Structures are given as structure tokens and as C-alpha cells.
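Fold and geometry: a report
One letter stands for each residue in the lines below.
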Amino acid sequence: MRLPLKREYWLVSGLLFFFFFAWSSSYSLFSIWLHRVIGLNGTETGFIFAANAIAALLIQPFYGALQDRLGLSRKLLVWIGALLACAAPFAIHVYAGLLAHNVVLGALVGAAFLAFAMLAGVGVIESYTERLSRHARFEFGTTRMWGSLGWAAATGVVGVVFNIDPDIAFYMSSAAGLAFLLILSRLDMDAFRNHEVQAGESTPVRTADILQLLRLPRFWAFSLFLTGVAGVYMIYEQQFPVYFASFFPTPEEGTRAYGYLNSSQVLVEALLMLFAPWVVARTGAKYGLLLAGAIMFVRILGSGLATEAWTVAACKMLHAIEVPILLVAVFKYISVNFDARLSATLYLVSFQFAQQLTAMLLSPAVGYGYDRLGFASVYLLLAGLVGICLLLSWSLLRADPSRKASRTANGALELPAIAQSANHYEP
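Let us look at the structure shown here.

Basis of the calculations
Residues numbered from 1 in each chain as written. Predicted model: local features only at pLDDT ≥ 70, side-chain atom pairs only at ≥ 80, totals over all residues. Heavy atoms only, no water. Helix = DSSP H or I, 4+ residues; strand = E, 2+ residues; numbered from the N terminus. Buried < 20%, exposed > 50% of the residue type's maximum accessible area, 1.4 Å probe, protein only. Contact = heavy atoms within 4.5 Å. Areas by Shrake-Rupley, 256 points an atom, 1.4 Å probe, with all protein chains shown as cover. Expected span 1.5 Å × (residues − 1). Bend = angle between axes of the 7 residues up to and from the residue. Axes fitted to C-alpha atoms, helices over the stretch in contact; angles between N-to-C directions. Parallel < 35°, antiparallel > 145°, perpendicular 65-115°, else oblique. Left-handed = near helix turned anticlockwise from the far one by under 90°. Nonpolar A, V, L, I, M, F, W, Y, C, P; charged D, E, K, R; others polar. Polar contact = N/O pair within 3.5 Å; in protein donor to acceptor, adjacent residues only side chain to side chain. Salt bridge = Lys/Arg side-chain N within 4 Å of Asp/Glu carboxyl O. Patch = residues over 30% accessible without salt bridge, like charges linked within 9 Å, V, L, I, M, F, W, Y side chains within 5 Å.

With that settled, consider the overall build of the protein chain. In terms of regular secondary structure, the protein chain is built from 21 helices and two strands. Relative to its 427 residues, the protein chain shows a buried fraction of 58%. Sequence separation of 24 or more characterises 86% of the internal contacts of the protein chain that already satisfy a separation of 6 or more. Accessible area of the protein chain: about 17,100 Å², with a carbon and sulfur share of 67%.

Listed below in C-alpha cells is the structure:
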């Protein structure tokens, strides 16, 4: 029996902590930065988010296929860490100036950087961690908890320092990127490679393996859920800090309050990461996804109906319940329905790519809606769209294969086909 690699567990947890710390420092108040510091309106901000989504959309399939080919190699993570370390000089000396003088050019340049470093990079980090957890007997939910803690730690500080000097947030991001690279250099990959051989996942991934996914109806059903439910929810999240801050007398007070709220939410999220595997083990992957989707629907609808700050804050706290269940259920669904060697491709294409595709198509229209109709009205429309896609997913997603052996007519025990082969490719 293989034993967990305790030293490597803490190092991998540190990678997640500092990646999410860096990402949160730069991105948790990104929409407020665009509004208050750069001076963009809702439509222009929607255009920025659409550009970010397009860039991530283009990079995620490349990142996923490359990481699956690299296996346990750290090369792609080194590249991401180096970009994180450059966050401050890029944002302060390049991105801000470009946006102030030419929104289109600034959006294109900024989207490329943000996608390579964070928006597509997060899928690489999470899928890489999940791969390591399978090889070395880590619990993914427990390890991913440190990412939530990193986001919470950064957000709590950013909500305060942003009112002092917004540039401090980007310096925090660069410092976390350097810490990420330092921890990465200390990771002993030989230990994981030994576990990789034992786990039977050392067979190289071929292009044909990846293309074969496109022939599977269950791949498209999975993508529909992640596009129409999780993707629309991500659009709702984009300018939510601006909406929340509007319930306060001054923008500064609203920004500070959002920082505290976001930190509280992510701390609760980190705690619930410990229990999410238990929940999904009992619901199954399909119903874990649907449960997370139902929580998203309630949060969007509640935000549209809210009239006071505490109500919106309560809706925000639902995010702490949804995220752990969604992440664990996504990887669980991938593991029981697809080839485990393709986990990075599936995660970045089905999960991350699908969300960015939705953001690319809808962000400009949603941003325009915020300016013309107001946040509340647009949220009600988004809730309706999520509800429809959730009902479709109820029918289209595959339930987990039964774990109980079924008896054939002659009394012999027969296992479900998917339990017999990890590489089962029937639709």
C-alpha cells in the first residue's frame, strides 16, 4: 500500500496557496479597479472581460493538451510562476497606461497576460494538483483548501490597501509569484514519478486520445452544464463587486466591506473543502454537479431580488458552499466517465474553456445590460437562463455507474463496463 507523501503534500498546498494569493491580489477587485482607477463604464468593463475570456478560450486547450503530454513535468508551472512574478510591473507600467489611452489595445494586451498567467493558468494548477493527489494519495479537496485560504488571505488585505494605493495589490501578486517559484523548485518529482508508474498512468497521451473526446456525447453533455450553468454564473460574478459596493454610502466603504465579505466567504469555502468529498461521495458526481448548479441559481436569483446589503452579502456566502461541491464533483465526474490520463485536457476544455466561451459571447451584452437595465434586472434574466440549462443537464448528464455488481441470468457476477476499464470510451 502506498503511503501519502507528507512533505510533498505541504509543498503542493503551498503552490496552491500562493497561486491563488497572487490571482486574488490582482483580480478579486479587478472590476472595481477598472471602474474607479481606469474610469471605464459597465459596457467597457464587459468588453474587457470578454477579451479576457477570448484569450483564455484560445489558451486553455493548448495548456490542457500540453500539460497532459508533460505529465508530471514542472515546465509549464515555471512559466506560469514567472508571469505571476511580473504582475506588478506589467499592470502598473503597461496595462493601466494602455487602457487609459486605448481601451481596445489595452484589452488585447492585458487579456493575453492575464490568460497565460491566471485565467488559463488556474486550470493547469488545479488539474496538476488533482493528478498529483491521485498518484500520491492526497485528498484533492483537502489540498485545494489551501488555494481558497490563499484567495481569502489576499482579498482581506486587498480590500484595505486598495483604498490606500491600488498598486500595492499588484506588488502583492508579484511577491506571491516569487514564493510560488521558490516552492516549485523544492518539489521532489522523483517521488511522484515512482507513484505514477504504480498508478498505471505513465502511458503517453496521444493527439488521437484527445480528439476521441469530441466523439463522446457525454463530453458535450458535460460541456453544456459547464457552459450554461457554471459559465453564466461566472459572468454574474464578474461585476458583482461593483453591485455590492453600490449598497454603501461611498465607494471606499463598499470596497472595504466587499474585501471583508469576500475573505469571510473564502474562509468558509476552505473549511467546506474538507467536507465536499464526503458530500459528493454520497450524492454521486452527477447530482453533486446539479446541487452546485442549484446553489448558483439561488444566488443569482437572490441577488436580483435583494434590496439591502445584508441580503446581497448572504447570497455571496452561498458561493462558499457551491465552489467546493462543484470542484470535487467536476473531477469526480471526469474520473468516472473519461480516461484519467486526459484530466488536464478535460478540466481545461470542459470546465475552464466552456466558462470562458460563455463569457466571451455574453459579457459585452451583460455589461450593456448593467448600464441600461441595472444589475438587478440582468441578474433575474441570468437566473432564468441558468434554470433552463440546469433542467436540461438533469436529463443529459450521466449518473455514476453502479458500484454494486449485478447478477447475470446465470447467477454470475457482472461489473459495470466502466468499472472494468479506466479508458472506457463508449458514449
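It is worth spelling out helix α12 (residues 217-238) at this point. Every α-helical turn comprises 3.6 residues, leaving residues that sit three or four positions apart pointing alike. Along its 22 residues, α12 runs 30 Å from first to last C-alpha, staying within 8% of the 32 Å computed at 1.5 Å per residue. Along α12, the sharpest change in direction is near 30° and occurs at threonine 227. Burial of α12 is extensive: 18 of the 22 residues sit out of reach of the surface.

Our focus in this paragraph is the packing of helix α2 (residues 30-38) against helix α3 (residues 42-70). It is the contact of α2 with α3, at a shortest axis distance of 10 Å, that shows an interaxial angle of 135°. By the criterion of interaxial angle, the relationship of α2 to α3 is oblique. In the crossing of α2 with α3, the sense of the turn from one axis to the other is right-handed. Within the contact between the two elements, α2 uses Phe30, Ser31, Leu34 and His35 and α3 uses Gly42, Thr45, Ile48, Phe49 and Asn52. Classifying every residue of the contact of α2 with α3 gives four nonpolar, five polar and no charged.

With that settled, consider the packing of α2 against helix α5 (residues 87-101). The interhelical angle for the contact between α2 and α5, taken along N-to-C directions, is 65°, at an axis separation of 11 Å. Considering how the two elements wind past one another, α2 and α5 form a crossing that is right-handed. Contact residues: α2 offers Phe30, Trp33, Leu34 and Ile38, while α5 offers Ala91, Tyr95, Ala96, Leu99 and Ala100. Classifying every residue of the contact of α2 with α5 gives nine nonpolar, no polar and no charged.

Within the secondary structure, proline 324 is located in helix α18 (residues 319-337). Since its relative accessible area comes to 1%, proline 324 is described here as buried. For the pair formed by proline 324 and leucine 272, sequence separation is 52 residues and the distance between their alpha carbons is 6.5 Å. Not counting chain neighbours up to four residues away, the residues in contact with proline 324 comprise Glu269, Leu272, Met273, Ala276 and His319.

With that settled, consider the side chain of asparagine 52. Structurally, the position occupied by asparagine 52 is in helix α3. Side-chain polar atoms of asparagine 52 contact the side chain of tyrosine 27, separated by 3.2 Å.

Our next topic: the environment of serine 25. Position of serine 25 relative to the elements: it lies in helix α1 (residues 6-27). Residues serine 25 and glycine 156 lie 131 residues apart in sequence; the distance between their C-alpha atoms is 9.5 Å.

Counted according to the given criterion, the structure contains two salt bridges. Of the charged contacts, one joins glutamate 237 and arginine 299 as a salt bridge, the two residues approaching to 2.5 Å between their closest N and O atoms. Of this pair, glutamate 237 sits in helix α12 while arginine 299 sits in helix α16 (residues 285-305), placing them 62 residues apart in sequence. The two residues glutamate 237 and arginine 299 agree in class, both being buried. Salt bridges here are not isolated pairs; linked through shared partners, they connect Glu237, Arg299 and Lys316.

A cluster of nonpolar side chains, contributed by Phe47, Val104 and Leu108, occupies part of the molecular surface with about 270 Å² of accessible area. Mapping leucine 108 onto the fold places it in helix α6 (residues 103-119).

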